[in-house]
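Observations on the three-dimensional arrangement
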Amino acid sequence: MIKLNRVSKRFAQFQAIKELSLEINSGEIHGIIGASGAGKSTLLRLMNLLEIPDEGEVEVNAQILTKMSGKKLREARKSIGMIFQHFNLISNKTVYDNVAVSLELTRSPKEEQKKRVLECLSFVGLAELKDKYPAQLSGGQKQRVAIARALANKPQVLLCDEPTSSLDSNTTADLLKVLEDINQHLGVTIVIVSHEMEVIKSICNRVTVLENGSLYQTVTTKPKGVQMKENRAQYFVDQLTEGEEIDNA
Ligand SMILES: Nc1ncnc2c1ncn2[C@@H]1O[C@H](COP(=O)(O)OP(=O)(O)OP(=O)(O)O)[C@@H](O)[C@H]1O
């Protein structure tokens, strides 16, 4: 789904990402964690070419973005949504118009656009706030609007840069549930950068640990395909053994 092949990014004399290769599978929730300055946000922004790599190849959805430009690249980017720590909403536009912004460039009829905006707002539970302005919303509500905007073009990938870092713990839990729903019900592959270990552990299937711009290790935390909640017997075994070998006799 996402393939980075020996990607590097330098800012002036500083090498932020060094020959990094990584594959993210379709349908997974993939975390990126590491110390401050390790290159997490830069790595995420390389995935939709918000940062252009100096070297290496970025492939998303079987399209090599680093070989594209202009209209073709803009078209390919529509399948990649993104949300940010500080929401990046337009303050003088309503909730409805903030979401509609994503669709303005598509040539679809107004009625279709309206249907899609309301569908996305309903999905994040905010349809009744469509006429409010960002300043009238809580942090969690603002992030939901940003998610609705990112979903408007029916992306296959959602990139999340510290999406819960401005939120309190209850709001964080609600927002993570929204991201899980997007992954499970809409089949969207999610990549999430966070410095909060609890956030990463709670929803990610695999996690990449970065160190000084290099991939330190990718860890499988919750294999996809294992029905965690339904496999109750295994849940009890895991709790009892905490990963140690047990005598099956
Ligand atoms: N546009 C830029 N111009 C110059 N330096 C940059 C730029 N963007 C990032 N950097 C530098 O690259 C390094 C990696 O930054 P990045 O934001 O990717 O790290 P991070 O792991 O996300 O850090 P944090 O957890 O503090 O947000 C940092 O030293 C940062 O100062």
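Quick caveat: nothing in here was measured; it's all calculated off a predicted structure. (Residues numbered from 1 in each chain as written. Predicted model: local features only at pLDDT ≥ 70, side-chain atom pairs only at ≥ 80, totals over all residues. Heavy atoms only, no water.)

Some details on the overall build of the chain
Within the chain one finds eight helices and ten strands. When each of the 249 residues of the chain is scored for burial, the buried share is 45%. Within the chain, contacts between residues at least 6 apart in sequence are counted, and of these 66% link residues at least 24 apart. (Helix = DSSP H or I, 4+ residues; strand = E, 2+ residues; numbered from the N terminus. Buried < 20%, exposed > 50% of the residue type's maximum accessible area, 1.4 Å probe, protein only. Contact = heavy atoms within 4.5 Å.)

Details of the nonpolar core
Judged by nonpolar contacts, the single largest core of 40 residues is most densely connected at Ile147, Leu158, Leu179, Ile182, Ile190 and Ile192. Broken down by secondary-structure element, the contributors of at least two residues to this core are β3 (29–34), α3 (95–104), α4 (110–123), α5 (139–151), β7 (157–161), α6 (169–186), β8 (189–193) and α7 (197–203). When residues in this core are grouped by element, the largest group, six residues, is from α5. For isoleucine 190, the residues in contact, after removing those within four places along its chain, are Glu28, Ile29, His30, Leu158, Cys160, Leu179, Ile182 and Asn183. Within the second largest apolar cluster, 28 residues are counted, among which are Leu65, Met68, Leu73 and Ile80. (Core = buried A, V, L, I, M, F, W, Y, C linked by side-chain atoms within 4.5 Å.)

Things to note about the side chain of serine 102
Relative to the assigned elements, serine 102 resides in helix α3. Among the residues examined, serine 102 registers a relative accessible area of 18% and is labelled buried. Not counting chain neighbours up to four residues away, the residues in contact with serine 102 comprise Arg149, Ala152 and Asn153.

Topic: the state of the cysteines
As used in these notes, a disulfide is a covalent bond between sulfur atoms, one from each of two cysteines. Applying the stated criterion to the full structure yields zero disulfides. The thiol of cysteine 160 is not disulfide-bonded; the next cysteine sulfur, from cysteine 204, is found 9.4 Å away. (Disulfide = S-S within 2.5 Å.)

Topic: the site of the ligand
Around the ligand, a shell composed of Phe11, Phe14, Ala16, Ala35, Ser36, Gly37, Ala38, Gly39, Lys40, Ser41 and Thr42 is seen. Within the side chain of threonine 42, a nitrogen or oxygen atom sits 2.6 Å from an oxygen atom of the ligand. For the shell around the ligand, the elements supplying multiple residues, two or more each, are β2 (14–24) and α1 (40–46). The leading source of residues in the shell around the ligand is α1, at three residues. (Near = heavy atom within 4 Å. Polar contact = N/O pair within 3.5 Å; in protein donor to acceptor, adjacent residues only side chain to side chain.)

What about the packing of α3 against α4?
For any two helices packed against each other, the geometry is given by the interaxial angle and the distance between the axes. The contact between α3 and α4 brings their axes to 9 Å, and the two run at 125 degrees. Accordingly, the angle class assigned to the pair α3 and α4 is oblique. Where α3 crosses over α4, the two elements pack in a sense that is right-handed. Residue-level contacts link Val95, Tyr96, Val99, Ala100, Leu103 and Glu104 of α3 to Gln113, Lys114, Arg116, Val117, Leu118, Cys120 and Leu121 of α4. (Axes fitted to C-alpha atoms, helices over the stretch in contact; angles between N-to-C directions. Parallel < 35°, antiparallel > 145°, perpendicular 65-115°, else oblique. Left-handed = near helix turned anticlockwise from the far one by under 90°.)

Focus on the pairing of β2
One face of the sheet, then the other: side chains in a regular strand alternate in exactly this way. Pairing of strand β1 (residues 2–11) with β2, which is carried by seven bridges, proceeds in the antiparallel orientation. Across the sheet, leucine 4 pairs through a bridge with leucine 22, a residue of β2. Between the antiparallel neighbours β1 and β2 lie two residues, among them alanine 12 with a positive phi of about 50 degrees. (Pairing = 2+ DSSP bridges.)

What is shown is where atoms sit, not what they do.
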